[in-house]
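# Analysis of the macromolecular model
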There are 6 protein chains.
Amino acid sequence: MLTNYSLDDLIRRALEEDIGHGDITTMSTVSEDKQIEGSYLAKEDGVICGLPLLARLFELLDPSVKLEILAKEGEPVIMGEIIAKISGPARSILTGERVSLNFLQRMSGIATRTHSAVQQIAGTRAVIADTRKTTPGLRILEKYAVRTGGGSNHRFNLADGILIKDNHIKAAGGITQAISKARKMATHMLKIEVEVESFAQIEEALQSGADIIMLDNMSIDDMTRAVDMIAGKALVEASGNMGDKDLRTVALTGVDIISVGALTHTVRAMDISLRFV
Amino acid sequence: MLTNYSLDDLIRRALEEDIGHGDITTMSTVSEDKQIEGSYLAKEDGVICGLPLLARLFELLDPSVKLEILAKEGEPVIMGEIIAKISGPARSILTGERVSLNFLQRMSGIATRTHSAVQQIAGTRAVIADTRKTTPGLRILEKYAVRTGGGSNHRFNLADGILIKDNHIKAAGGITQAISKARKMATHMLKIEVEVESFAQIEEALQSGADIIMLDNMSIDDMTRAVDMIAGKALVEASGNMGDKDLRTVALTGVDIISVGALTHTVRAMDISLRFV
Amino acid sequence: MLTNYSLDDLIRRALEEDIGHGDITTMSTVSEDKQIEGSYLAKEDGVICGLPLLARLFELLDPSVKLEILAKEGEPVIMGEIIAKISGPARSILTGERVSLNFLQRMSGIATRTHSAVQQIAGTRAVIADTRKTTPGLRILEKYAVRTGGGSNHRFNLADGILIKDNHIKAAGGITQAISKARKMATHMLKIEVEVESFAQIEEALQSGADIIMLDNMSIDDMTRAVDMIAGKALVEASGNMGDKDLRTVALTGVDIISVGALTHTVRAMDISLRFV
Amino acid sequence: MLTNYSLDDLIRRALEEDIGHGDITTMSTVSEDKQIEGSYLAKEDGVICGLPLLARLFELLDPSVKLEILAKEGEPVIMGEIIAKISGPARSILTGERVSLNFLQRMSGIATRTHSAVQQIAGTRAVIADTRKTTPGLRILEKYAVRTGGGSNHRFNLADGILIKDNHIKAAGGITQAISKARKMATHMLKIEVEVESFAQIEEALQSGADIIMLDNMSIDDMTRAVDMIAGKALVEASGNMGDKDLRTVALTGVDIISVGALTHTVRAMDISLRFV
Amino acid sequence: MLTNYSLDDLIRRALEEDIGHGDITTMSTVSEDKQIEGSYLAKEDGVICGLPLLARLFELLDPSVKLEILAKEGEPVIMGEIIAKISGPARSILTGERVSLNFLQRMSGIATRTHSAVQQIAGTRAVIADTRKTTPGLRILEKYAVRTGGGSNHRFNLADGILIKDNHIKAAGGITQAISKARKMATHMLKIEVEVESFAQIEEALQSGADIIMLDNMSIDDMTRAVDMIAGKALVEASGNMGDKDLRTVALTGVDIISVGALTHTVRAMDISLRFV
Amino acid sequence: MLTNYSLDDLIRRALEEDIGHGDITTMSTVSEDKQIEGSYLAKEDGVICGLPLLARLFELLDPSVKLEILAKEGEPVIMGEIIAKISGPARSILTGERVSLNFLQRMSGIATRTHSAVQQIAGTRAVIADTRKTTPGLRILEKYAVRTGGGSNHRFNLADGILIKDNHIKAAGGITQAISKARKMATHMLKIEVEVESFAQIEEALQSGADIIMLDNMSIDDMTRAVDMIAGKALVEASGNMGDKDLRTVALTGVDIISVGALTHTVRAMDISLRFV
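Residue positions are counted from 1 within each chain, in the order its sequence is given. Just so you know, chain letters begin at A and ligand numbers begin at 1, following the order they were written in. In view of the model being predicted, local features appear only for residues whose pLDDT reaches at least 70, and side-chain atom pairs are presented and counted only at 80 or more, with totals across whole chains, interfaces and linings using the full set of residues. The basis for every side-chain value is the complete set of non-hydrogen atoms in the structure, without hydrogens or water.

## A short note on the overall build of chain A
Along the backbone of chain A there are 11 helices and 13 strands. Expressed as lengths along the three principal axes of its C-alpha atoms, the size of chain A is roughly 70 × 35 × 25 Å. Here's how the labels work: a residue is buried when its accessible area is under 20% of the maximum for its type, exposed when over 50%, partly exposed in between, all with a 1.4 Å probe on protein chains only. For chain A, buried positions account for 64% of its 277 residues. In what follows, residue pairs with any heavy atoms lying within 4.5 Å of each other are defined as contacts. Long-range pairs, those at least 24 residues apart, make up 69% of the contacts in chain A between residues at least 6 apart in sequence. Only the protein chains shown count as cover for residues, and all accessible areas are computed by the Shrake-Rupley method using a 1.4 Å probe. When the accessible area of chain A is evaluated, it comes to approximately 10100 Å², of which 48% is carbon and sulfur surface. Numbered from the N terminus, helices here are DSSP runs of H or I no shorter than four residues, and strands are runs of E no shorter than two.

Here is the structure:
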């Protein structure tokens, strides 16, 4: 799902950024023929994400580096577990070490947090979804990490989903008008989602044929009432600082989707290190 | 310090990523001549960072958008404070909203955390420095945010600083050899930093003329002893999971630099929103 | 809807391609201070498309060129009508002439053909939609030209719509399985479209909850029967060499969408020329 | 003649445009290890062009895809003929299908039309040439397709040929002055072509040493008279809506070159499909 | 002739290369509001080239910098003469100083050398031309500098001129075959140049209709004899280490073009400095 | 030290620049299956530099070209010596010939000149260093060529070294203030260099803790006195038109570094040719 095609540019920019005009420490202290062996090691429990990127990074930096991947993308590892073994020219491995970890740790951090959120709502009808609150330039990786952790993706960008918010409603002159205008421009393949803040708005959205209704910052009681009111005539999404709420309680209201911006806007890198033999 | 020259490419990529082939919701529901006014609002206390980028983003997206900046880059704001006012074509502002917040929230999050770390060691001789554990592709912004929060920058990349680590020492055949080799290749303008794990290594580093000695994962007691031993003959840097330690205690050992990877590898976005009138 | 943001790169590449290392004829024969005036002239009836691009092209090439646009984007012009007046430095206008016409003529050609198709089905419930059979690299312009001519857009690319075809069905083990798998991976904002070739497949698609059913290369009679069978439970799209068919007859079967690859794969440039005073 | 060197960027842009952040239908419905076999099939008679590009596209997308090319670049195929066989991972082939066809069909469409024009003038001294009326960004492919179809290329861009038109003549103060000025700036390796509209202009062009004389929109009789008058002292090019004229009649006037903008400005994609076993 | 369009990318790359992630010396020692005035000063006699680039560089770096250009592009200056005055923000001027000089000094060095060569052959029929022996990536600037110094340009690249050399002749099976094959592929707007090493080859080239004959490394006597032999039936170019020869003697043999690789392959930067008031 | 990673973009740009839309002479006169063999030959004594780039260039252009490198990077060759043998498809080799020579000749020219400068000061304590007076866009190659010739590199760009010059001193209000300000912003890994023009300035620089003192345009006597005065408390760099001076005399004053702008601003290409069998 992460193809070389989508990764190469990101990896090259990251390498250029970190290597600049050359890794002068390594070039001066390590001879060209020196070989080295090491292991990517989990220093805490977590869900690993980013292994295809790790592999591709060294392919681009130096194809003679060998990588043996032991962990499985998207599966939990425990503290002390070896994620992958690496061997080859010491210069290339030392030069690529930091960038490889920067990617792997962030992506695994996101997958781990998502996995934890998904477990909290296990057994309910809801799914955990991400938002567009991603790191500029890295959305493709971060949305992939959410999926890897068991979450769902919300729209990728402003072009591939219609989400009518407060200001769109005001500008269009009401929910009915907004939905009608959006339906005209959008391709027929897109559903229409509307953000609502009151029961009156839910009523109008349903009558206008909204496919998805987003409940913005509602109380648990209001969400429960909204789900009853919608009664399966549209999908229901719970939204608004979900990162700070008890997700299970939210899920038990019967909503279909819980979107959590914190999955990607507040990232704690998973602790992974590269240890050499 | 953040020039258009360095920002434009980052901003363009972020806009392309988020807008794709067009913001279909906004284009269909908001008429071309609709004007709008709003405010960037701090929803919690923090240190603001990223205002030049905010200004440049709208210059690139639509020069007719007006931005009145009220907060000062690098200074604290309190919850409820207005950071900037924005007005102009509703389409452009709504389309640029998410990307502008994604940048501003992350950068302010880093500046806020750095500011807090700097305050913890106030009055000591130490400075708080960042590392290369930054988000791939955004290092220039993240290192700027650290400076904005009152921190110092460590080397920007592998080309503009010599930092001899464990594996370089082994590969070169010892600290003495590694320093000597690095001195030959490096420009005469770079100092030489060596990572040490023992007092014997400190001794060897001092004798070989290391300019900076990095104490890797030492206990507080060992750091104190190391600072005594080095006695001003080299700068001393404390390193190794500093994000989890009491920074004041570390600073009081007398080290010159405390480098904290967590400043950039574990980022909590500051809560900022764009509210429309 | 065509923002500078999306146009600039396309225009720059086109100018680089056509100008190479310099327009030697113009630079040698036309003095730097020579001014010129001219008109973009419709040499046949058609629907004009591409005026924002025309304006932006000269802004990028030479901001001192003045363009007065007389026609309206998306509206018909008749043979002999002046589309826009241009004046300014002769060198810049002569150098940009060919590229500006290459864009304008192609886009107007697509808009004109789309407009004609839309008129053929006037009064029916159907809309005319484009496909992904666009010129590589110019999709954003060609889909815009289709909208400008009164058509609808089908999905923009493989990421923003689910269209399950023959081979996906086979690979998944049946329509039911394919829809179920797609539903899991797709964001909740996307509808699911399935291509069918038989009535049995329509039945299965409906039972599996397909949102849109594409009738591939069916006869008029079969399309009529299919529309009856589907009875509003899904949108219906007619597809397959529609460029060669009588669109009104197709529309009268009751389908919702008629997708016509020829709108963009077989383009006849509208005859437009730039005449100087 | 189409090297990877010139194709890669075009192909990558086309793939990015069509795939976006991922082919979600294929990724969800087709398993990673599924293999597939298919054939590129001519659905009408034509001249095939673009086979090197087809091969390179799959090399870039997925090197494990195998392509066996059966048709010969630039040679006619008949309806029903297999152009190439393809086999390998179903995901890669389905994802690359549309872009591969978009290139192949357009280029074969141009080659086919050119071939037909060339046949119309068989046995005369004239050649069929293209113009700069090409699709922005794809000129290298379209001029290659013209050559593949048996045509000749006119200048590639404004930098590699001197063509003095109406406005250059006016700006320079006459044909004599224009030629003299152009001769000074141009490299000595370029011939000088002048566009003329009258016999007086032909006379002046010959006396000024024009290497090529372009007859713009002349009647057949005038062209015949012009060829007589020029009498081999310069090459003669016929130009002006040649796409709508009887090319054989034009050729029989004795002109050397007939340039036909419609070869590239009005393209009908050849009907080619990819059928799977 | 050097448009922003062709310069911007070159300038941006040069600035990125020299500034990296920021001019730390200037940013730390010079306050943001500090203004400065200075002059670009000729420290030796020469011909100035690169003024449009100088102007554009500061427009891109900081539009508030003012530049008053006193010298004329392509005209001689004497030691001590002020070429241009500059004033504005000290930070921007100091940061752009080195790159501006690197361009200006190299281009003026080439123009100066060319000017000197042109003067040596004043009054003869010959022109001085450059070659493709230019600095990789800077050809457009270097060929412009040659023109600015009074020289002529040879072909810009392998696509816009036909020059049949030794190995092409061997591969084609002789001069006659090579010319015939080249004529077929080339556009009709290109002349055909052939490199010859003997009088027999000259004979064959003339009979095959070569437009230009390049005499490769011939003695002065042989060149004289060749010019006689060719007798105006083709242009004659003298080539081969012309940088080491007496150009006037070569010119007096009657050749039309003398191509001098050393104009661009061996560059001595003109001594120019930026002095502040 | 020159990795593919850093070379590829430079090579591609150079090839694009020289080949344009195709090498028409070679494509028309040389058949696709023609093989050729040749040798890169030193036509004068010199130090070879650029062999990794030569290898990479043909890998990118055509991987079937074989290159056997006989000379050693950075070692002297004598006139007539074969540097490398090349064999493979004639088309690819002829098309890449000029660009390969343009790189190799310039880089070897720089290495040769540097080698000669280094030999002049053999046995002294000084090293020869380059400056930022490099060809825009090619700094990484030119600084590498200096190292290959035995020289040292000065800072690579404005971001990786602090060099306080005249104007920085004035703007900061004196050497003491400038050093203090620079120390605050710079990373702790950079030394601080100050340019001085008088003994009073040397005194102030020493007292302010400058790590390196650059003597700008001083006489030999003054340099000797300065070295005495500094007495090892800082490194000493001699600068200012060193290309025109007797380097041994400069070195014997006891300075540590002699920086020579002419190493890169005034380049004489080494005479190397590609001869075919």
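Additional details are given in the paragraphs that follow.
## Here's the deal with the packing of helix 7 (residues 175–185) of chain D against helix 8 (residues 199–207) of chain D
All names here are of chain D. Note on geometry: axes are lines fitted to C-alpha atoms, helical ones only across the stretch in contact, with angles between N-to-C directions running from 0 to 180 degrees. Across the interface, helix 7 lies against helix 8 with an axial gap of 9 Å and an inter-helix angle of 35°. Here helix 7 runs over helix 8; the crossing is right-handed. Where helix 7 approaches helix 8, its residues Ile175, Thr176, Gln177 and Ile179 are matched on the opposing element by Gln201, Glu204 and Ala205. Each helix crossing is assigned a hand: it is left-handed if the near helix lies turned anticlockwise from the far helix by less than a right angle, otherwise right-handed if that turn is clockwise.

## With respect to the pairing of strand 13 (residues 272–276) of chain D
Residue and element names in this part refer to chain D. Burial analysis of strand 13 places 4 of its 5 residues in the buried class, the great majority of the element. A pair of strands is labelled paired if DSSP reports no fewer than 2 bridges between them. Pairing geometry for strand 1 (residues 35–42) and strand 13, over 5 bridges, is antiparallel. Across the sheet, residue Tyr40 finds its bridge partner in strand 13, namely Leu274.

## Examining the interface of chain C and chain D
Every contact between the two is made by 62 residues of chain C and, on the other side, 62 residues of chain D. A 1.4 Å probe defines the accessible area here, and the buried area is the portion of it lost by two parts on being joined, summed over both. Carbon and sulfur atoms supply 55% of the area buried between chain C and chain D, which totals about 5200 Å² over both sides. Of all residues in chain C, the largest losses of buried area upon contact with chain D belong to Glu17, Pro136 and Leu158 of chain C, amounting jointly to 13% of the total for that side. A carboxyl oxygen of Asp or Glu within 4 Å of a side-chain nitrogen of Lys or Arg is what we treat as a salt bridge. For the pair chain C and chain D, the interface holds 6 salt bridges. Note that Asp18 of chain D is salt-bridged to Arg132 of chain C, the shortest N-O span being 2.7 Å. Polar contact is defined as a pair of N or O atoms within 3.5 Å, subject to the rule that within protein one atom must be able to donate a hydrogen and the other to accept it, and that residues adjacent in sequence are counted only when both atoms are side-chain atoms. Here chain C is connected to chain D by 36 residue pairs in polar contact (both at pLDDT 80 or more). Each residue is assigned to one class: nonpolar for Ala, Val, Leu, Ile, Met, Phe, Trp, Tyr, Cys and Pro, charged for Asp, Glu, Lys and Arg, and polar for all the others, Gly among them. Per-class residue counts for the side of chain C that touches chain D are 26 nonpolar, 20 polar and 16 charged. Note: strand 12 (residues 266–268) of chain C against strand 12 (residues 266–268) of chain D, 3 bridges, orientation antiparallel. Paired with Arg268 of chain C across the two strands is Thr266 of chain D, which belongs to strand 12 of chain D.

## Here we look at the packing of aromatic side chains
One pair of aromatic rings is described through two measures. These are the centre distance and the angle between the planes. Pairing of aromatic rings covers Phe, Tyr and Trp, the last through its six-membered ring, and needs centres within 6.5 Å; plane angles under 30 degrees mean stacked, over 60 mean edge-to-face, and all others mean tilted. Applying the stated criterion across every chain, the model contains 0 aromatic pairs over all chains. By definition here, charges over rings are those cases where NZ of Lys or CZ of Arg is within 6 Å of the ring centre and within 35 degrees of the ring normal. The ring of Phe199 of chain A has Arg225 of chain A lying over it, and the distance from NZ or CZ to the ring centre is 3.7 Å.

## Details of the interface of chain B and chain A
The partner chain A presents 61 residues to the 62 residues of chain B that form the contact. At the boundary of chain B with chain A, total buried surface from both sides reaches about 5200 Å², with 56% on carbon and sulfur atoms. If you look at where chain B meets chain A, you find 6 salt bridges. Applying the counting criterion to the chain B and chain A interface returns 36 residue pairs in polar contact (both at pLDDT 80 or more). Residue composition of the side of chain B that touches chain A, by class: 26 nonpolar, 20 polar and 16 charged.

## Looking at the packing of helix 4 (residues 90–120) of chain C against helix 5 (residues 139–148) of chain C
Residue and element names in this part refer to chain C. It is at 7 Å that the axes of helix 4 and helix 5 come closest, and there the two elements cross at 40°. Regarding the angle of helix 4 to helix 5, the classification is oblique. Where helix 4 crosses over helix 5, the two elements pack in a sense that is right-handed. On helix 5, the residues touching Phe103, Met107, Ile110, Ala111 and Thr114 of helix 4 are Leu141, Glu142, Tyr144, Ala145 and Val146. Of the residues contributing to the contact of helix 4 with helix 5, the split by class is 8 nonpolar, 1 polar and 1 charged. Here is the rule for angles: anything less than 35 degrees is roughly parallel, anything more than 145 is roughly antiparallel, 65 through 115 is roughly perpendicular, and the remaining ranges are oblique.

## Looking at the nonpolar core
Grouping buried Ala, Val, Leu, Ile, Met, Phe, Trp, Tyr and Cys residues that are joined through side-chain atoms within 4.5 Å yields what is termed a nonpolar core. Counting 187 residues, the largest nonpolar core has Ile258 of chain B together with Ile258 of chain F as the members making the most contacts within it. Beyond its immediate chain neighbours, meaning those up to four positions away, Ile258 of chain F contacts Ile121, Ala126, Val127, Ile128, Ala129, Ala238, Met242, Leu247, Val250 and Ala251 of chain F.

## Let's talk about the relation of the copies chain B and chain A
Mapping chain B onto chain A leaves a residual RMSD of 0.1 Å; the transformation is a rotation of 180° accompanied by 0.0 Å of translation along its axis. What the superposition gives is, in effect, a two-fold axis relating one chain to the other. Residue Val267 of chain B, judged by its C-alpha, is the member of chain B lying nearest the rotation axis, at 2.8 Å. We place the copies in one frame by least squares, fitting the C-alpha atoms of every residue whose pLDDT is at least 70 in both.

## Side note on unusual backbone geometry
The phi angle of most residues is negative, glycine excepted, and most peptide bonds adopt the trans form. Phi at Ala231 of chain B takes a positive value of approximately 50°, unusual for a residue other than glycine. Looking at the secondary structure, you find Ala231 of chain B in the loop between helix 9 (220–230) and strand 10 (235–239).

## What to know about the sheet that holds strand 11 (residues 257–259) of chain C
Residue and element names in this part refer to chain C. In spatial order, the strands read 6-11-10-9-8-7; together these 6 strands make up an open sheet with parallel pairing. Of all the strands in the sheet, just strand 6 (127–129) and strand 7 (162–164) have a single pairing partner and so form its edges. Sheet twist, expressed as the mean angle between neighbouring strand axes with direction ignored, is 25°. Both strand 7 and strand 8 (residues 192–196) contribute to a ladder of 3 bridges, which runs parallel. Opposite Ile162, over in strand 8, you have Ile192 as the bridge partner.

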